[in-house]
Amino acid sequence: MSNPFSRSSRIAASSPAAPVPPKIREHRAHATKDLIAGLVVFLVALPLCLGIAMASDAPLFSGIIAGVVGGVVVGFLSGSHSSVSGPAAGLTVIVASQIGKLGSFEAFLLAVILAGAIQIILGLVQAGKLSGFVPSSVINGLLAAIGVILILKQIPHLLGHDSDPEGQMAFEQPDHENTLSELMTLIHGEIHVGAMVIGLLSLALLIAWDKVLVLKKLPVPGQLVVVLIAVLLNRIFASLGGPWLIEASHLVQVPVADSVNGFMAFLSTPDFSKWNHPAIYTAAVTIAAVASLETILNLEAVDKLDPLKRCSPPNRELVAQGFGNMLSGLLGGLPVTSVVVRGSVNLAAGAQSKLSSIFHGILLLISVAALPIYLNMIPLSALAAILFVTGVKLASPALFRRMAAGGRYQLVPFLITLLAIVFSDLLIGILIGLGVSIVFVLNSSVRFPVRIVREKHLGSEVARIELPNQLSFLNLASIQSVLGSTPKGTHLLLDGSSCDYIDPDVLSLFREFRDSTAKAHKVEISFRGFKPKYGLNEDTRYVEHATKELQQLLTPDDVLEILKEGNQRFRAGQRLNRNLREQVAATSGGQYPFAAVLSCIDSRAPVETIFDLGLGDIFSIRMAGNVTSGGVFGSLEYACSVAGAKLVLVLGHTRCGAVTSTVQTQLAGIDIIEATKCDHLHNIVDEIRHSMNVDREAAAATANPEYIELIARRNVFHSLEQIRTRSATIRKLVEAGRVAMVGAIYDVATGQVEFFTEESYGLTPTTTQKFELLAEA
C-alpha cells in the first residue's frame, strides 16, 4: 500500500490536472445548452399546461401531469433531438367533448390509456411512414399558422388582458369571443398597466437580444433573462400598489397544496369499471387517431426548424407517444402529443439533444410539488412576449416568399392550410389543407400524367413517354387521350422505369393499345422498364445502335450530322434514354460502327459521352494529344476498309495537357524526358512540335495564352495530314467518296464541339499568321 505522505504522492497531488479531451468538452457544452433550453421550455410550458387543461374542462393538475410525462417519458423514448411533447391545444375541443360524452374525467382517463395502446400498435405496424405523404406546403402552412396564432393570441396577454386561458389556440374561445374579436376588446381599455409594461419591456429585450451581437453571444438565453427581470419588476410593482399591482389573474397560477395529502388529492385515477362501455373505445380510437396525426405532422414541422436538419423516426415517435399516453392516463393526465410551440421554443433556446425535453419535464414535477409559490410570481405578459417572438419566427416573411416562389401548387395549399388553422383549429385546418393538396395532386395527375420526350435515334424518331411513379384510375382518361392522339407512323416508347404501381385498368389500356389500336393506327409501340408482374415485356422495336443495314444506308454527311446532333443533346442535357443491357445483347454478335474517332486521352473528353452515342456506334482511338502513329494508321484502316466506318474524325480539345506541356517545354528549351522522367513522351512531343514555329512565334507566344489553343488546332490539322499522306488505304477511300475526313475541337469549358472540314480546319489567315506578325513587329 502506497504512503499518501510520500514525496511522489505530494508531487502527483500538486501537478496540474490532465487536459479534458475535446469530445468531453463538447458534450459538457451541449449539456449546458440543453439544461438552459429545458429551463426556458419549462417556463413557457407551465402556463400552457394549465391553460390547455382549463380550456379542456379538465382538472388543472391533469395538464401538469401530461407535461411531466411528455417531457420525461416521451422525451426518453423518442428518437427526436428537438421535439417536446405535452398536452396539445389541438386536442382541447376533442377532450372537452369526450369528457362530456363519457360522463366523468375518470372514464376519459381510461380512454386515454387505450388510445396509448393503439398508438403503440400503429408505431409497430410502421404507420408513421404516412408522414412522408404529407406535402411540404401543408407542413409549412402548419408552421406559419402556429406563428400567426401565437402572434394574435399573445397580443392581449402582452397587454395584461388575460380573460382567455394561455394555451388556448382555437379561433372560437371559451369566453364567447374569438381570436379577432378578443383584439377589439383592447380598444375599450381592458388592459393592465403593470402587466403591459412588463410585457412590452420583455418584448423589446427579446428583440434586442437577437439584434445586438454582445447580447447574442452571452451564454444565457434572452428568454430566461426576461422571466427573471419580469419577476423582479412584479415585486417592485407590488410595493407601488395601485394600478401597478399585478393581480393573481395576470400571473402563473399553479395549484398550491398545503400538505402531501393535499398534493395527492390533485391526482385522478381512471375508472376501469367502464371498460365494457362502447363509448370508451370510440373515444380511444378518436384520441389515438387525432393525437397520432398531430404528432407526426408536428414532428416533421419541428424537424424543419432544426438548424442541424436531423430527421426524427416517426414510427418510434408513435410508440413513445403511446407509452406516454398510457402512463399519463394512469396518473390522471391529459393526452400528450408532440407540440410545435414547445419544440420551436426549445430550438430557439439553443437545445442540442432530447436532454432539454427530459429536463423540462423534471422541472415541471419538482416545481409544482415544491416551488408553486415562486412560480406564481411570474407574469403571464413576460411569457406572452416569449411566445410572440416565437410566432414571428415561425411566420417569417422569408417563409411566405419561399412558398410564393414555389408557384401556385405550393402557395395555394400553404395559404389555405394557414387560414383554415387560424380560423378553426389545428385538426380541422390540417384536414382542410390535406384535402386541398389532394385536389391539386389529382388535378396535376389529370392534366400532366406523363412526360413525352421526342428522341431522334439512329434508325428513327421516337416519342418516349415517361410514366410517373403511381398510375391509378385517375390517370386513365388522360393516358387514353395521349395514346389516342399519337400520329400515324409514330414509334412510341412507353417507359415504365419509375412505376411502382399500375392500376389494372391502366394495364388493360396498354395491352389493348399494343394488341389492336396501335396496329390499326400504324403506330409502332415499344415497352421498357416495366416490372415482370405487369406482363409488358421489354420490346424495343426501333434501332438505337449501329446495325449492318443502317451502316450501309448512311453517307459520310449523315454520320457527321449524327455527331453534331449528339453534341447538341449533350450540351442541352437531353441525352437519349438507351437500354444499354439490350444493346449489349444486340452487339454481342458483331459490330458495325459508322465512324472512327481519334481523340486525346484527356479524362474530360470521353467521345461516346460528348456525342451522346451508344454501344457499337463508333471506333474510339485515344492517344495523348490525338497524335498519329503506326498503330493509329492501322486501326483507322481497319475501321474504314474492313468494318465499314464512313467518317474519320480527329478530335482535339481546348486546354490540352499534352499540347500545353509541349509548348511550355519547347519555348523554354527544356528536355521533356528530364522534366517528366517519362522515357517515351518524346514520341508525342515530336508530333505536336510539327505544329509550332518556335523561331518566329516564341516572342509573341510567351505573352499570349491563345497560342496554346492555336497549336491545338494546328495539331488536329497535322494529324489529318499525316493520315492522308501516310495511309494510302484511307486516301483512296476518301478520293472514292466512301469516307470523309473531318477535324474538330471540343471546348472543355462549354461542352461544344466545333467542326471544320479538311479544306479549312478552322485556320483562317488571321489565326495562322497572328503570332508570326506579332513576332515580326
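Remember, predicted model here, so these are calculated numbers, not experimental data. Residue positions within a chain follow its written sequence, with the count starting from 1. In keeping with the predicted nature of the model, local features appear solely for residues at pLDDT of at least 70, side-chain atom pairs appear and are counted solely at 80 or more, and the whole-chain, interface and lining totals rest on all residues. With hydrogens and water set aside, each side-chain value is computed from the structure's full complement of heavy atoms.

Colleague: What should I look at first to understand the overall build of the chain in this one?
Modeller: The secondary structure content of the chain amounts to 34 helices and 13 strands. Summary of the burial criterion: residues with accessible area below 20% of their type's maximum are buried, those above 50% are exposed, and those between are partly exposed, where the area comes from a 1.4 Å probe applied to protein chains only. Out of the 777 residues in the chain, the part that is buried amounts to 50%. It only takes one pair of heavy atoms within 4.5 Å for two residues to be counted as in contact. Sequence separation of 24 or more characterises 78% of the internal contacts of the chain that already satisfy a separation of 6 or more. Working note: accessible area of the chain is about 35,500 Å², and carbon and sulfur atoms make up 62% of it. The numbering of helices and of strands both runs from the N terminus, where a helix is a DSSP run of H or I of at least 4 residues and a strand a run of E of at least 2. Note on areas: Shrake-Rupley, 1.4 Å probe, and residue coverage restricted to the protein chains presented here.

Colleague: What's the story with the packing of helix 28 (residues 657-668) against helix 32 (residues 706-726) in this structure? I'm lost.
Modeller: Two measures define how a pair of helices packs: the angle their axes make with one another and the distance between the axes. Geometry is summarised by axes, namely lines fitted to C-alpha atoms with helices restricted to the contacting stretch, and by angles between N-to-C directions that run from 0 to 180 degrees. Look at helix 28 against helix 32: their axes get within 10 Å of each other, and the N-to-C directions meet at 115°. The element helix 28 and its partner helix 32 pack so that their crossing is right-handed. Across from Val659, Thr660 and Val663 in helix 28, the residues of helix 32 making contact are Tyr707, Ile708, Ile711 and Ala712. Each crossing is labelled by how the near helix is turned from the far one, with a counterclockwise turn of less than a right angle marking it left-handed and a clockwise turn marking it right-handed.

Colleague: Would you take a moment to explain the side chain of Ser381 for this structure?
Modeller: Examined against the element boundaries, Ser381 turns out to sit in helix 17 (residues 380-394). Residue contacts for Ser381: discarding those within four places in its chain leaves His157, Leu158, Ala195, Ile198 and Gly199.

Colleague: So what exactly am I meant to see when it comes to the pairing of strand 9 (residues 595-599) here?
Modeller: Two faces make up the sheet, and in a regular strand the side chains alternate between them. With five of five residues buried, strand 9 is to be regarded as a mostly interior element. Going residue by residue along strand 9, you find Ala595, Val597 and Ser599 tucked away on one face and Ala596 and Leu598 tucked away on the opposite face as well. Summarising the sheet, strand 9 and strand 10 (residues 618-622) pair through five bridges and their orientation is parallel. Across the sheet, the residue bridging to Leu598 is Ile621, located in strand 10. Pairing between strand 9 and strand 11 (residues 647-653): four bridges, direction parallel. We treat two strands as partners when DSSP finds at least two bridges between them.

Colleague: Would you take a moment to explain the nonpolar core for this structure?
Modeller: Across soluble globular proteins, nonpolar side chains show a tendency to be buried alongside one another. Joining through side-chain atoms within 4.5 Å is the link that ties buried Ala, Val, Leu, Ile, Met, Phe, Trp, Tyr and Cys residues into a set, and such a set is a nonpolar core. The biggest cluster of nonpolar side chains holds 109 residues, and the ones touching the most others in it are Leu46, Phe108, Leu142, Ile146, Val252, Leu334 and Val341. Among the elements that make up this core, the one with the highest residue count is helix 2 (residues 22-55) (12 residues). Filtering out sequence-adjacent residues up to four positions away, Leu46 remains in contact with Ile64, Val252, Val254, Leu364, Val368 and Leu375.

Colleague: How do you make sense of helix 3 (residues 60-77) when you look at a structure like this?
Modeller: Every α-helix winds through 3.6 residues per turn, so residues three or four apart in the chain are directed the same way. When the terminal C-alpha atoms of helix 3 are compared, their 26 Å separation across 18 residues agrees well with the 26 Å that a helix rising 1.5 Å per residue should span. Given a residue, its bend is the angle between the two axes fitted to the seven residues that end at it and to the seven that start from it. Maximal helix bending in helix 3 amounts to about 30°, located at Gly70. Within helix 3, 13 of the 18 residues are buried, which leaves the element mostly enclosed by the surrounding structure. An expected span of 1.5 Å times one less than the residue number is assigned to each helix.

Colleague: Before we go on, may I ask you to explain the packing of aromatic side chains in this structure?
Modeller: Geometry of an aromatic ring pair is reported as the spacing of the ring centres plus the angle between the planes. Aromatic contacts are taken between Phe, Tyr and Trp rings whose centres are within 6.5 Å, Trp giving its six-membered ring; a plane angle under 30 degrees counts as stacked, one over 60 as edge-to-face, and the others as tilted. Enumeration according to the criterion identifies eight aromatic pairs in this entry. When the centroid spacing of 6.2 Å and the interplanar angle of 65° are considered together, the rings of Phe510 and Phe530 count as edge-to-face. Taken together, the positions of Phe510 in helix 22 (residues 504-520) and Phe530 in the loop between strand 8 (524-528) and helix 23 (548-553) put the pair 20 residues apart, joining distant regions of the chain. Exposure class is identical for Phe510 and Phe530. Each is buried. Between Phe619 and Tyr638 the ring centres are 6.2 Å apart and the planes differ by 75°, which places this aromatic pair in the edge-to-face class. Placement of the pair is Phe619 in strand 10 and Tyr638 in helix 27 (residues 630-642), with a sequence separation of 19 residues. Joined through ring pairs, the aromatic side chains of Phe510, Phe527 and Phe530 make up one cluster.

Colleague: For this particular structure, what's the right way to read the confidence of the model for the chain?
Modeller: Residues with a pLDDT of 70 or more make up 88% of the chain, whose mean pLDDT is 83. Values of pLDDT, the confidence the predictor places in each residue, fall between 0 and 100. Contacts for the low-pLDDT stretch residues 4-15, under 50 throughout, to residues beyond four places or in other chains number three contacts. pLDDT under 50 marks residues 761-777. Its contacts with residues more than four places away, or in other chains, come to 34 contacts.

Colleague: How do you make sense of the pattern of salt bridges when you look at a structure like this?
Modeller: Any Lys or Arg side-chain nitrogen located within 4 Å of an Asp or Glu carboxyl oxygen qualifies as a salt bridge. Scanning the model with the defined rule gives nine salt bridges in all. The partner of Glu754 in a salt bridge is Arg713, with the nearest N and O atoms 2.4 Å apart. On the criterion of sequence distance, the pair formed by Glu754 in strand 13 (residues 753-757) and Arg713 in helix 32 is long-range, its members being 41 residues apart. A relative accessible area of 19% places Arg713 in the buried class. Sharing partners across several salt bridges, the network here consists of Arg569, Arg575 and Asp612.

Colleague: Help me out: how do you make sense of empty space enclosed by the protein in this one?
Modeller: Any empty space left between atoms is shown by rolling a water-sized probe over those atoms. Think of a 1 Å grid over the protein atoms and nothing else: a 1.4 Å probe that fits but is trapped marks a cavity, an open set flanked by protein within 12 Å on at least five of seven lines marks a pocket, and residues with an atom within 4 Å of a point count as lining. Grid points are joined across faces, edges and corners, and a volume is the space filled by probe spheres set on the points. Under the criterion given, the structure shown has five cavities of 30 Å³ or more. Approximately 260 Å³ is the volume found for the largest cavity. What lines the largest cavity is a set of 27 residues, and nearest its centre among them are Ala89, Ile146, Met169, Val339 and Val341. Classifying every residue of the lining of the largest cavity by side-chain character gives 16 nonpolar, six polar and five charged. Amino acids are sorted into nonpolar (Ala, Val, Leu, Ile, Met, Phe, Trp, Tyr, Cys and Pro), charged (Asp, Glu, Lys and Arg) and polar (every other residue, Gly among them).

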